[in-house]
There are 2 protein chains.
Amino acid sequence: MAQNVRPAGRRPPPEPWEIPGNAVPHRRRRLTPPGPFRLESGEVLAELEIACETWGEPDRDGQNTVLICPALSADAHAAGRGGGPESAVDGFGAASASGKEGLGWWDPMIGSGKAFDTDRFHVVCMSLLGGCGGTTGPLSVNPDTGQPYGPDFPVITVGDIVRASRSGLHELGVRRLRGISGGSLGGMQALEWAARFPDEVDAVVAVASTAGLSAQGIGWNWIARSAISGDPAWRGGRYLEEGARPVQGLAIARMVGHLTYLSAAGMAKKFGRRLQDRQEFSGDLQAADFQVESYLVHQAAKFNRRFDANAYLFLSHALTRFDLAKRHGDGDLEAAVERFRCRTLLLSFSSDWLYPSSDSRRLAAALEARRKRVVHYKIETTYGHDSFLLEAGRMTPIVRRFLTAEEERHTP
Amino acid sequence: MAQNVRPAGRRPPPEPWEIPGNAVPHRRRRLTPPGPFRLESGEVLAELEIACETWGEPDRDGQNTVLICPALSADAHAAGRGGGPESAVDGFGAASASGKEGLGWWDPMIGSGKAFDTDRFHVVCMSLLGGCGGTTGPLSVNPDTGQPYGPDFPVITVGDIVRASRSGLHELGVRRLRGISGGSLGGMQALEWAARFPDEVDAVVAVASTAGLSAQGIGWNWIARSAISGDPAWRGGRYLEEGARPVQGLAIARMVGHLTYLSAAGMAKKFGRRLQDRQEFSGDLQAADFQVESYLVHQAAKFNRRFDANAYLFLSHALTRFDLAKRHGDGDLEAAVERFRCRTLLLSFSSDWLYPSSDSRRLAAALEARRKRVVHYKIETTYGHDSFLLEAGRMTPIVRRFLTAEEERHTP
């Protein structure tokens, strides 16, 4: 396809981290910003290591970077091939949220001619602080003890995640973002950046996100975390020493999450009441007779192979406590967004009941009330919250138009 | 209040099971239909015992009985005082779904002048086969072994539950129902009765119910059951012998259920993002800082004190497999309801996403297509699925009018 054909002369010389066979320049890096890194809680991480992937090339004056922020279960591997089933949960780029092994979680959005166009932009994605995608988190070795942090990892916030990413960008020589984007928790990071570092970002694209999760969303996350920490195999978070992970608890957490990412209409279409490989019920109390049951079991097992239970706890904890109004506006959303100096694009999905369109509408109204440049698109779809991963085709023209307008403003 | 004043002469003489101080005649009975009781699976229960409560008086020719069918977590104690916190989980009338200790789960609906008017009707409610409300279930002693059935209790269906209730009615001398009603799983029983024993019921009132749970509902029930059976304390269902119940698994199951019974709008109003007894986050990874988290923990602990984990498994299993079309119409809903000879009232609630109004609408359309008498009311409310317990005030005039019309038809 035309978008993958690039003039050979524009390709940089290969370097060790470059992924062979990928037409778009795609690199993996380990960034080590100078420590220590102080968290909002006052706790200090002696060392900070960040797993990072980049696509496309920085321009001469370093003004074309777009930062892509992962959601809870995703990582730096947002596009291209890499990772794959051989990666361990503590591996680098292991936690691809895509169903296609090895392909980045936002691959349809990042590349030549795509929404985040690597012909124009230097696209960067970093694994989350507190996660298990290669950036410092509960699986990392605590330099004070020589052992993995596990449950002793400090409690983090979305603000900490954003500040860690910013340190990583400084290592790349990037001091200002052309744009920042992400879905779900990724969108929260984009909004947090806009409020915290308003002079360092031109455009925010927050997809299927919110300025503060609903009571219902808080409840689902609580249940997921309770399932993990209530699993006896969690052992106060010290399961790494024991060699037995809280597989059951993490499976329940993932199944709860998974159902909240789908819509009733989408599930009715995909599964209905159809049985899995049988015509009649098995009569077994514990059998996964229904297709939807079998699917949940399969997805949970897959998740268990690639994700760390403590990372889930720390990230879910941070996600539920993210509150733009509380943190930056003393509880008032309008006051919080008063700080924004960027243009903002909000994308929401009609069947997303976890991060409902009404949340984006409320945020857009607050931005408008403070005369900020904001546009909100609600996309009709039955994919629920997962739409931010699945509706690339419909998001692409909107995002491209939004970012191009931004670029035109920058063109001398 | 006028509705509690009854001519003294109409009151029957007290009997041992009558609840003192209740103006409406209210009795508890243990019914023991002659065994054995054969289940749809072909398995046989040597003995069947049914916990039953009744309100009002049967008329001379035994034609005024209305059967109330409990939902998953409810029992025979549908109205009046009784039960209460001292009841054990295997107690009689222990599992009141009402927040008010001791008061029946549908108390606002059953009584003199209420929706199910005990001045006119002999109202009967029986605990569920396979449950833990006093009717034969996994806590009952298996006569073959002298030990509680536990996980060896046979798998049951909604059809089995209905047939057990019918045996109980026969013990009361009731051969025909003026009406049958219930919410959720209770409504499924009413629909099953109408298809299975069409000549034995005049009117069905199915509230917040469905002819077959959605894929999403199947998914939530699967997660709840997985949390129980995945709890190591479940021990293959033999926890009674071990003296340690699967408290963690049942808590997760209840929290999942609880969230599906509420609506996002209702939760936003009731809890929002408010914190419980604090102004700032605790900074503790496991703390229930939010009100909604604290509420879920409290409700789960309460449920654990009154409900049996195996009973939850058997009833949730039966509930998800209920499928009126599959069982009575070879997969075709219209063919299934062709058997109905009753009038049908369907009540649904706008914010009930677990048993959505669209399910009732589809059922009503099938009934209409077969020229059955059906009326469907969708009530606007934010209480979600719980509306069937909370919206008595709005249901009452509709149910009264529907049942009165039925009664007029019967008046000579």
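Bear in mind that the values here come from a model prediction, so they are computed numbers and not experimental data.

S.K.: Explain empty space enclosed by the protein to me, and be specific about the residues and the numbers.
M.R.: Counted according to the given criterion, the structure contains 7 cavities of 30 Å³ or more. Here the largest cavity defines a volume of roughly 110 Å³. Along its surface, the largest cavity is lined by 14 residues, and A:A227, A:Q248, B:A227, B:D231 and B:Q248 are the ones closest to its centre. Counting only elements with at least two residues in the lining of the largest cavity, the list comes to α5 (247-261) of chain A together with α5 (247-261) of chain B. Residue classes in the lining of the largest cavity are distributed as 6 nonpolar, 6 polar and 2 charged. Along its surface, the second largest cavity is lined by A:A115, A:D117, A:R120, A:F121, A:R400, A:L403 and A:T404. Ranked by residue count, the leading element in the lining of the second largest cavity is helix α13 (residues 392-410) of chain A, at 3 residues. Partitioning the lining of the second largest cavity into residue classes produces 3 nonpolar, 1 polar and 3 charged.

S.K.: Account for the nonpolar core, naming residues and giving values.
M.R.: Formed by 192 residues in total, the largest nonpolar core has its most connected members in A:L324 and B:L324. Discounting chain neighbours no more than four positions away, the residues touching A:L324 are A:L191, A:E192, A:A195, A:A211, A:G329, A:L333, A:A336, A:V337, A:F340 and A:L363. Counting residues in each nonpolar core, the second largest holds 33 residues, with A:V207, A:M395, A:V399 and A:F402 among its members.

S.K.: Before we move on, could you go through the environment of B:L262 and cite the residues and values that matter?
M.R.: In this fold, B:L262 is placed in the loop between α5 and α6 (264-270). Counting along the chain gives 101 residues from B:L262 to B:I161, while the straight-line C-alpha distance between them is 26 Å. Not counting the four nearest positions on each side in its chain, B:L262 is found in contact with A:Q216, B:M267, B:W353, B:Y383, B:G384 and B:D386.

S.K.: So what's going on with the confidence of the model for chain A? Residues and values would help.
M.R.: Note: predicted coordinates in regions of low pLDDT should not be interpreted at a detailed level. Residue and element names in this part refer to chain A. This prediction gives chain A a mean pLDDT of 90; 88% of its residues lie at or above 70. Note on residues 1-18: pLDDT is under 50 here. Beyond four places in sequence and across chains, it has 26 contacts. This complex was scored by the predictor with a pTM of 0.91 and an ipTM of 0.91.

S.K.: Describe the side chain of A:T54, listing the residues and the values that go with them.
M.R.: Topologically, A:T54 is positioned in strand β4 (residues 50-55). Beyond its immediate chain neighbours, meaning those up to four positions away, A:T54 contacts A:P25, A:H26, A:R27, A:R29, A:H122, A:V123, A:V124 and A:L172.

S.K.: Lay out the pairing of strand β13 (residues 343-349) of chain A in plain terms, naming residues and giving numbers.
M.R.: Residues and elements named next belong to chain A. Summarising burial for β13: 7 of the 7 residues are buried, a large majority. Here β13 shows a buried face lined by R343, L345, L347 and F349 and a second buried face lined by T344, L346 and S348. For strand β12 (residues 201-207) and β13, the ladder comprises 5 bridges, and the chain directions are parallel. Within β13, the residue paired with A206 across the bridge is L346.

So, how was this worked out
- Residues numbered from 1 in each chain as written.
- Chains lettered and ligands numbered in written order.
- Predicted model: local features only at pLDDT ≥ 70, side-chain atom pairs only at ≥ 80, totals over all residues.
- Heavy atoms only, no water.
- 1 Å grid on protein atoms, 1.4 Å probe; cavity = no way out; pocket = protein on both sides within 12 Å on 5 of 7 lines; lining within 4 Å.
- Points joined across faces, edges and corners; volume = space filled by probe spheres on them.
- Helix = DSSP H or I, 4+ residues; strand = E, 2+ residues; numbered from the N terminus.
- Nonpolar A, V, L, I, M, F, W, Y, C, P; charged D, E, K, R; others polar.
- Core = buried A, V, L, I, M, F, W, Y, C linked by side-chain atoms within 4.5 Å.
- Buried < 20%, exposed > 50% of the residue type's maximum accessible area, 1.4 Å probe, protein only.
- Contact = heavy atoms within 4.5 Å.
- pLDDT = per-residue confidence, 0-100.
- Pairing = 2+ DSSP bridges.

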